[in-house]
Amino acid sequence: ADLPKSFKDHYPLANQSLLLILILTNHNADDSVDISNNPYRYSLFNCSNSTDLVKDEVGSFKIDFGGLYQTLCKITHLDQTTLLLYLLLHRNEKFYKFVMAQPNLQDLVIPILQILYNAPDSSSHHIYMSLIVLLILSEDDGFNKSVHQIMLKNIQWYTERSISEISLGGLLILVIIRTVQYNMLKVRDKYLHTNCLACLANMSSQFRYLHQYVSQRLVSLFETLAKKHGRLQAQLETVKQGEASVVDVTEDVVSFWTFSSGNFNRF
């Protein structure tokens, strides 16, 4: 059955159960010592698909990944749902592979893009988690390729420009670019900035058949960043020549992501 927007009010037991799972999973969560110290965390990260015919000797318990995936897609607008989705994608390899094999990736990606698109109406935590989920997905070249093969029509919530048809990959690029611009104008957060650009970098090798508006926005983003870089470079040169004593430049913050094998990856 479809889950309404008022999930917390109509399904209070399900909502409280989800919160309880997150509390139990994240309590005593120092995996560097021994993940088995937290049996709930171990169980969540090692559960397997109940419909999988292959016998799994390592799995802790079995659950219908198909039903779980559909439910997560319908209530991604909740902070706690996005956090659970992140944990499963990040730490449960079986669930990650299951998601990557889904033909209807738009059901998962579009709600996440809507969260980023409506950033002023979302909490900073939810924006971060949504972006990190996209970054995890973009680590997979299969995902980066398939999103350009999924065509969408008449995306009503994207109001910057009326586009009759666009690929999921094109829409993803547009929303991430918009998030970068929103961050530069409003938030000015380096983590958000770095993760947005890392996601675009991961996807870039598989860009295919981009809508002309998407290409235009990419060029515009490059021009904006190039101008900012030029102004900063000019300030630094002025300092070297002794014509100024202070430049307002904050040192780079260490990112949670590393560049490996051509992709920006999570630790």
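Residues numbered from 1 in each chain as written. Predicted model: local features only at pLDDT ≥ 70, side-chain atom pairs only at ≥ 80, totals over all residues. Heavy atoms only, no water.

## A look at the overall build of the protein
Now for step 1: When you go through the protein residue by residue, the secondary structure sums to 12 helices and 6 strands.
Now for step 2: In the protein, which comprises 267 residues, the proportion classed as buried is 40%.
Now for step 3: Summed over all atoms, the accessible surface of the protein reaches about 15100 Å², with 54% contributed by carbon and sulfur. (Helix = DSSP H or I, 4+ residues; strand = E, 2+ residues; numbered from the N terminus. Buried < 20%, exposed > 50% of the residue type's maximum accessible area, 1.4 Å probe, protein only. Areas by Shrake-Rupley, 256 points an atom, 1.4 Å probe, with all protein chains shown as cover.)

## Overview of the pattern of salt bridges
Now for step 1: One pass over the full model with this rule turns up 2 salt bridges.
Now for step 2: One salt bridge in this structure joins Glu93 and Lys97, with 3.2 Å as the shortest N-O distance. Here Glu93 and its partner Lys97 are both found in helix H6 (residues 93-100), 4 residues apart, which amounts to about one turn of the helix.
Now for step 3: Taking relative accessible area as the criterion, Glu93 reaches 53% and is therefore assigned exposed.
Now for step 4: The class of Lys97 is exposed, set by a relative accessible area of 53%.
Now for step 5: Here Glu160 and Arg178 are joined by a salt bridge, their closest N and O atoms 2.8 Å apart. (Salt bridge = Lys/Arg side-chain N within 4 Å of Asp/Glu carboxyl O.)

## Let's talk about the state of the cysteines
Now for step 1: Applying the stated criterion to the full structure yields 0 disulfides.
Now for step 2: Cysteine Cys199 is unpaired, with the sulfur of Cys196 as its nearest cysteine sulfur at 7.6 Å. (Disulfide = S-S within 2.5 Å.)

## Things to note about the environment of Met129
Now for step 1: Tracing the backbone through its elements, the reader meets Met129 in helix H8 (residues 124-137).
Now for step 2: As a C-alpha pair, Met129 and Tyr86 span 43 residues in sequence and 7.2 Å in three-dimensional space.
Now for step 3: Aside from chain neighbours lying at most four places away, what touches Met129 is Thr82, Leu83 and Tyr86. (Contact = heavy atoms within 4.5 Å.)

## Regarding a positive patch on the surface
Now for step 1: Taken together, the side chains of Arg188, Lys227, Lys228 and Arg231 define a basic patch exposed on the protein surface.
Now for step 2: Of note, Arg188 is situated in the loop between helix H10 (168-187) and helix H11 (190-204).
Now for step 3: On the basis of relative accessible area, Arg188 is assigned to the exposed category, the value being 63%. (Patch = residues over 30% accessible without salt bridge, like charges linked within 9 Å, V, L, I, M, F, W, Y side chains within 5 Å. Lys, Arg positive; Asp, Glu negative; His and termini not counted. Charge placed at Lys NZ, Arg CZ, Asp CG, Glu CD.)

## Side note on unusual backbone geometry
Now for step 1: Phi at Asn154 takes a positive value of approximately 50°, unusual for a residue other than glycine.
Now for step 2: Inspection of the secondary structure puts Asn154 in the loop between strand E3 (151-153) and strand E4 (165-167).
Now for step 3: The backbone of Tyr209 sits at a positive phi, close to 45°, despite the residue not being glycine.
Now for step 4: Residue placement: Tyr209 occurs in the loop between H11 and helix H12 (212-240).
Now for step 5: Overall, the relative accessible area of 79% leaves Tyr209 in the exposed class.

## Details of the packing of aromatic side chains
Now for step 1: By the definition in use, this model includes 6 aromatic pairs.
Now for step 2: Each ring, one from Phe65 and one from Phe98, has its centre 5.6 Å from the other, and the planes form 65°; the classification is edge-to-face. Here Phe65, found in helix H4 (residues 65-74), pairs with Phe98, found in helix H6; they are 33 residues apart in sequence, far enough to count as distant. Each member of the pair, Phe65 together with Phe98, is buried.
Now for step 3: Their ring planes at 45° and their centres at 5.4 Å tell us that Tyr117 and Tyr158 sit as a pair that is tilted. Taken as a pair, Tyr117 in helix H7 (residues 106-117) and Tyr158 in the loop between E3 and E4 lie far apart in primary sequence, 41 residues in all. Accessibility assignment for this pair places Tyr117 and Tyr158 in one class, buried.
Now for step 4: In textbook terms, an aromatic cluster arises when at least three aromatic residues are bridged by ring pairs, as seen for Phe65, Tyr69, Phe95 and Phe98.
Now for step 5: Across the ring face of Tyr117, the terminal group of Arg178 is positioned such that the distance to the ring centre comes to 4.0 Å. (Phe/Tyr/Trp six-rings, centres within 6.5 Å; stacked < 30°, edge-to-face > 60°. Lys NZ or Arg CZ within 6 Å of the ring centre and 35° of its normal.)

## With respect to the packing of helix H2 (residues 12-26) against helix H3 (residues 39-46)
Now for step 1: One way to put it is that H2 packs onto H3 with a least axis distance of 7 Å and a crossing angle of 110°. In terms of orientation, H2 and H3 fall into the roughly perpendicular class. The handedness of the crossing between H2 and H3 is left-handed. Here Leu24, Thr25 and Asn26 of H2 come into contact with H3, specifically with Tyr40, Arg41, Leu44 and Phe45.
Now for step 2: Looking at the contact of H2 with H3, its residues break down into 4 nonpolar, 2 polar and 1 charged. (Axes fitted to C-alpha atoms, helices over the stretch in contact; angles between N-to-C directions. Parallel < 35°, antiparallel > 145°, perpendicular 65-115°, else oblique. Left-handed = near helix turned anticlockwise from the far one by under 90°. Nonpolar A, V, L, I, M, F, W, Y, C, P; charged D, E, K, R; others polar.)

Geometric descriptors of this kind do not, in isolation, establish any biological role.
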